[in-house]
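Below are the chains, spelled out letter by letter.
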Amino acid sequence: MKNILVTGGAGFIGSHTAVELIAAGYNAVIVDNLSNSKESALTGIKEISGATPSFYNLDYSNDEKLKEIILKESVDGVIHFAAFKAVGESTETPLKYYANNVAGFVGLLSTLEKLGIPIVFSSSCTVYGEPDSLPVNEQAPIKPAESPYGTTKQMDETILRDATKASKKLKSIALRYFNPVGAHPSGLIGELPLGRPSNLFPVVTQAIAGVGKELTVFGTDYDTPDGSCVRDYIHVVDLAKAHIKALEYLNGQQQGFYDVFNIGSGKGNTVLEVIKAFEETTGKKVPHILGARRDGDIVATYANCSKANELLGWKTEKTLTDSCRDAWNWQTKITPAL
Ligand code: NAD
Ligand code: WQD
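Residues numbered from 1 in each chain as written. Chains lettered and ligands numbered in written order. Predicted model: local features only at pLDDT ≥ 70, side-chain atom pairs only at ≥ 80, totals over all residues. Heavy atoms only, no water.

### What to know about the site of ligand 1
In the region of ligand 1, 27 residues are neighbours, and Asp32, Asn36, Ser37, Asn100 and Tyr149 sit closest. Within the contact set of ligand 1, an oxygen atom lies 2.9 Å away from a backbone nitrogen or oxygen of phenylalanine 12. In the environment of ligand 1, a nitrogen atom lies 2.9 Å from a nitrogen or oxygen atom belonging to the side chain of aspartate 59. In the complex, the protein chains occlude 95% of the 810 Å² of accessible area that ligand 1 would expose alone. Every element with two or more residues in the shell around ligand 1 is listed here: α1 (12-23), β5 (119-124) and α6 (148-165). (Near = heavy atom within 4 Å. Polar contact = N/O pair within 3.5 Å; in protein donor to acceptor, adjacent residues only side chain to side chain. Areas by Shrake-Rupley, 256 points an atom, 1.4 Å probe, with all protein chains shown as cover. Helix = DSSP H or I, 4+ residues; strand = E, 2+ residues; numbered from the N terminus.)

### Some details on helix α3 (residues 63-72)
Listed in full, the buried residues belonging to α3 are Leu66, Ile69 and Ile70. All buried residues of α3 project into a common sector of 100° when viewed along the axis, lining one side. Facing away from the buried side of α3, by more than 90 degrees, are the exposed residues Glu64, Glu68, Leu71 and Lys72. Each element contacted by the buried residues of α3 is listed here: β1 (3-7), β2 (27-32), β3 (54-57) and α5 (94-115). Positioned one or two residues after α3, serine 74 has a phi angle of 50°, which is positive. (Buried < 20%, exposed > 50% of the residue type's maximum accessible area, 1.4 Å probe, protein only. Arc of directions from axis to C-beta. Contact = heavy atoms within 4.5 Å.)

### Details of the domain arrangement of the chain
As assigned here, the chain comprises domain 1 (3-181 + 233-263) and domain 2 (200-231 + 266-330). Of note, the centres of domain 1 and domain 2, computed from C-alpha atoms alone, are 24 Å apart. At the interface, 28 residues of domain 1 touch 30 residues of domain 2. Each partner contributes to the roughly 2,600 Å² buried at the junction of domain 1 and domain 2, and carbon and sulfur atoms together form 64% of this total. It is Tyr233, His235 and Asp238 in domain 1 that bury the most area against domain 2; as a group they hold 27% of the surface buried on that side. Where domain 1 meets domain 2, there are two salt bridges. Here domain 1 and domain 2 share twelve residue pairs in polar contact (both at pLDDT 80 or more) between them. For the side of domain 1 that touches domain 2, the secondary structure elements donating two or more residues are β7 (179-181), β10 (233-235), α8 (236-251) and β11 (258-263). The dominant element in the side of domain 1 that touches domain 2, judged by the number of residues it contributes, is α8, at seven residues. Across the side of domain 1 that touches domain 2, the residue classes tally to 16 nonpolar, five polar and seven charged. (Domains from an automatic or database assignment. Buried area = accessible area lost by both parts, 1.4 Å probe. Salt bridge = Lys/Arg side-chain N within 4 Å of Asp/Glu carboxyl O. Nonpolar A, V, L, I, M, F, W, Y, C, P; charged D, E, K, R; others polar.)

Given below as structure tokens:
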């Protein structure tokens, strides 16, 4: 594989993955309709990597145009990030989520099936819901999803598995990300929340920067070491590198091969620990108040990543401190007043 189509390549994880692809000697071909990103991410990719990936401002579900691009660019592998990801919004506009994340995905897979092109798919730890035991491994049961967004990931995994197993031409991997955070250490690309963020890291960095409200810690009476929720925060550069390992692994597999891998740090941190880590790393106070539980929150989850460690030969290199430092560095770059 040499020419890799990155759908959603202008987004948070896609842009970091494009950088790592180029660093590993691949050509990245980016298709993104900029529905949740800006073209400035492409400038960042260019500045970091010194390469200019082909960019197509296109809805990935335009099957005809996408096929033209795949043929023109001699694409021989796909990493599929393009999707909507706002959990709250998905409960208000489920059809928008099913159309983009599921219907679009079926079209994409049909094209890849015809052309015999392998795919790495962005799944999520959300498929596990509240795990029965920790750390959670890939054998853990898939629980009823908490949101239409979560359902789209469960449906896509099922569709991908069934389509791949029935095919003589497809092979695929689904990566179940835990909580991707941080930014590229250069500060040239990072997470660009359009509108008010709801994820912890951007809420914290905006609160420190004084461009957002103070952080409300959602719940301090859970059965966890300090009463706040536990998550597995993984640095986005470590996560990006897992995609290259997954492509390499797929390369050695037969058609019809499908598997899933957890991609996390393997560590659980509470919200209060994250606040402390930010304060120690940045030397700044995180303005916050202790608040009520958030509806639908999982109490505690973190990954067992032994499968990815052993089979993909992937492991994390970065720490929570790195994530806080890089997320804050990125925030200072996107907050003009700082
Ligand atoms: P993001 O919103 O930053 O990136 C997604 C990109 O896809 C955006 O640039 C957006 O413009 C683009 N896009 C959306 N619909 C499109 C369409 N129809 N055609 C073309 N481009 C389209 O999100 P992200 O955080 O980088 O997430 C990437 C993937 O990883 C998503 O599939 C998401 O569900 C999954 N994921 C994210 C997280 C997380 O917390 N960030 C966790 C688990 C899984
Ligand atoms: C992390 C922790 C909050 C904001 C979401 C999606 C999930 C997956 C990852 C895509 C929780 C706490 C947060 C705030 C807080 N995405 N928090 N105050 O909920 O683990 O998962 O992103 O697949 O599907 O649901 O991430 O960043 O929202 O929250 O106290 O203002 O921070 O309660 O414990 P979450 P998050």
